[in-house]
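Now for the letters of each chain:
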Amino acid sequence: MTARREVSPGTVQETLLIPLYGRAVENRKPEPALHDPRAEEIVAAIDYDFTRFDGLPSLVGSVLRTALFDHWVSEFLTGSPEGTVVELGAGLNTRHERIDNGRARWFELDLPDVADLRRSFFADTARRTSIAASVTDLSWAETIAAGSTGPYFFAAEAVLPFLTEDDVRGVVDGIAERFPGSLLALDTAGPGIVGAQDEHDALSKVEARMRWACAGPADVAAWLPGTEVLASCTIAALPSPLRDRLPGPYQEMLSGLARQRLPQVEEYRLGLLRLP
Ligand SMILES: C[S@@+](CC[C@H](N)C(=O)[O-])C[C@H]1O[C@@H](n2cnc3c(N)ncnc32)[C@H](O)[C@@H]1O
């Protein structure tokens, strides 16, 4: 029997288990927001007590966030079928399995131990490359520039809030400088969320903490003149093409959530930027 893989508790890397488990649990539902059989296989192969996350609202939130990022990447690939998708802080995300079109170029970057873990589940191919690096060490940009032609879509899903604001600025500046005109999808957590994260349903179960508080994607756009905010929304107000595709119970749940205007929902924003 193959030994189950471990993820060190107490590290920022541990946070990848939350969206991974969210997608695995979602896949078991009769009417899922997304299908992800690979996530279920990976959860079964990791030695970790995932039950600590059972029943947490954040699991559903992470699934809806992933569905939105999938939607944005799919739209990008419709317009640029041979474009390049770069996952920053990829964790054990399975976006490639869910929406690859057979023609695009993919790079999946994470810290060295996570890249090593990824390699035990996903093989590199001529179109898919794993990069072991910190997103803050911009030498990764050269690997990508050397191995692709673009246009580029950078997906930073649930990673930037764990950096300092200076580091986030460095990453955004670096992408804009090296890949002008590229798209960047990101999420932002407002000061209320970052301040109350010890009580957050999922983060309170791990040691990693968010360090960057930001009111929304428009604030990031304001750092770099010429940046366009193509989309900015909360989980409760997903764009209609995606929302209309979700199972009925999800649509009802989101309408209720939008009416409640909970600070932890309203202050957590998802954005799509076009960098100058
Ligand atoms: C909450 S997980 C999200 C994973 C993935 N994007 C997803 O949605 O499933 C955060 C990820 O960011 C990665 N991460 C944190 N700091 C990083 C850094 N400085 N450089 C690269 N990756 C980082 C962690 O290792 C982890 O995989």
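Up top is the structure.
Residues numbered from 1 in each chain as written. Predicted model: local features only at pLDDT ≥ 70, side-chain atom pairs only at ≥ 80, totals over all residues. Heavy atoms only, no water.

Asks: So what's going on with the overall build of the protein? Which residues, and what values?
Replies: Helix and strand content of the protein: twelve helices and seven strands. Against the compact-globule benchmark of 19 Å for 276 residues, the protein has a radius of gyration of 18 Å, which places it among compact chains. Projected onto the principal axes, the alpha-carbon positions of the protein cover approximately 50 × 45 × 35 Å. Looking at the protein residue by residue over its 276 residues, the buried ones come to 54%. When contacts within the protein are restricted to residue pairs at least 6 apart in sequence, those whose partners lie at least 24 apart make up 72%. (Helix = DSSP H or I, 4+ residues; strand = E, 2+ residues; numbered from the N terminus. Rg over C-alpha atoms; globule rule 2.2 N^0.38 Å. Buried < 20%, exposed > 50% of the residue type's maximum accessible area, 1.4 Å probe, protein only. Contact = heavy atoms within 4.5 Å.)

Asks: Break down the pairing of strand β5 (residues 183-189) for me, with residues and values.
Replies: For a regular strand, side chains alternate in direction, first toward one face of the sheet and then toward the other. With seven of seven residues buried, β5 lies mostly within the body of the structure. Across the two faces of β5 the burial is the same, with Leu 183, Ala 185, Asp 187 and Ala 189 and Leu 184, Leu 186 and Thr 188 all buried. Sheet analysis places strand β4 (residues 152-156) next to β5, joined by four bridges and oriented parallel. When the bridges of β5 are listed, Phe 154 appears paired with Leu 184. Taking the sense of rotation as the criterion, the β-α-β connection linking β4, helix α7 (residues 165-178) and β5 turns out right-handed. As defined by bridge partners, β5 adjoins strand β7 (residues 268-274) across seven bridges and the pair is classed as antiparallel. In the sheet register, Leu 183 faces β7, and the bridge partner there is Arg 274. (Pairing = 2+ DSSP bridges. Right-handed = clockwise from strand over helix to strand, strands pointing away.)

Asks: Account for the pattern of salt bridges, with residues named and values stated.
Replies: Within the structure shown, the criterion is met by 23 salt bridges. Among the ionic pairs, Asp 47 bridges to Arg 4, the shortest N-O distance being 3.6 Å. Within this pair, whereas Asp 47 is found in the loop between α2 (37-45) and α3 (57-79), its partner Arg 4 is found in the segment before α1 (17-27), the two being separated by 43 residues in sequence. Owing to a relative accessible area of 41%, Arg 4 belongs among the partly exposed residues under this scheme. For the salt bridge of Glu 97 with Arg 128, the shortest nitrogen-to-oxygen distance reads 2.8 Å. (Salt bridge = Lys/Arg side-chain N within 4 Å of Asp/Glu carboxyl O.)

Asks: For the packing of aromatic side chains, give the residues involved together with the corresponding values.
Replies: Applying the stated criterion to the full structure yields eleven aromatic pairs. Where Tyr 21 meets Phe 53, the ring centres are 6.5 Å apart and the plane angle is 50°; that geometry is what we call tilted. Of the two residues, Tyr 21 sits in helix α1 while Phe 53 sits in the loop between α2 and α3, which places them 32 residues apart along the sequence. Plain terms: the ring middles of Trp 212 and Trp 223 are 6.0 Å apart, the flat faces sit at 50° to each other, and that makes the pair tilted. Remark: Trp 223 occurs in helix α9 (residues 217-223) and Trp 212 occurs in the loop between α8 (191-195) and α9; sequence separation between them is eleven residues. Residues Trp 212 and Trp 223 agree in their burial class; the two are buried. Here a set of aromatic residues connected by ring pairs shows up, and it is made of Tyr 21, Tyr 48, Phe 50 and Phe 53. (Phe/Tyr/Trp six-rings, centres within 6.5 Å; stacked < 30°, edge-to-face > 60°.)

Asks: Can you lay out the packing of α1 against α3 for me, pointing to particular residues and giving the numbers?
Replies: Taken N-terminus to C-terminus, the directions of α1 and α3 make an angle of 90°; their axes are 8 Å apart at the nearest point. For the element pair α1 / α3, the angle class is roughly perpendicular. Across the interface between the two elements, Ile 18, Pro 19, Tyr 21, Gly 22, Arg 23, Val 25 and Glu 26 of α1 pack against Leu 59, Ser 62, Val 63, Arg 65 and Thr 66 of α3. Partitioning the contact of α1 with α3 into residue classes produces six nonpolar, three polar and three charged. (Axes fitted to C-alpha atoms, helices over the stretch in contact; angles between N-to-C directions. Parallel < 35°, antiparallel > 145°, perpendicular 65-115°, else oblique. Nonpolar A, V, L, I, M, F, W, Y, C, P; charged D, E, K, R; others polar.)

Asks: Can you break down the site of the ligand residue by residue, with the values?
Replies: With respect to spatial proximity, 21 residues lie near the ligand, and among them Gly 89, Asp 110, Ser 134, Val 135 and Glu 157 are the closest. Here Asn 93 contributes a side-chain N or O atom positioned 3.5 Å from an oxygen atom of the ligand. Between the ligand and the protein, one listed contact pairs a nitrogen atom with a backbone N or O atom of Glu 157 at 2.8 Å. When the free accessible area of the ligand is taken as 590 Å², the share hidden by the protein chains comes to 96%. Sorting the residues of the shell around the ligand by element identifies α1 and β2 (105-110) as the ones contributing at least two each. Its residues assigned to classes, the shell around the ligand shows twelve nonpolar, six polar and three charged. (Near = heavy atom within 4 Å. Polar contact = N/O pair within 3.5 Å; in protein donor to acceptor, adjacent residues only side chain to side chain. Areas by Shrake-Rupley, 256 points an atom, 1.4 Å probe, with all protein chains shown as cover.)

From the geometry alone we can't say anything about function, so treat these as descriptive.
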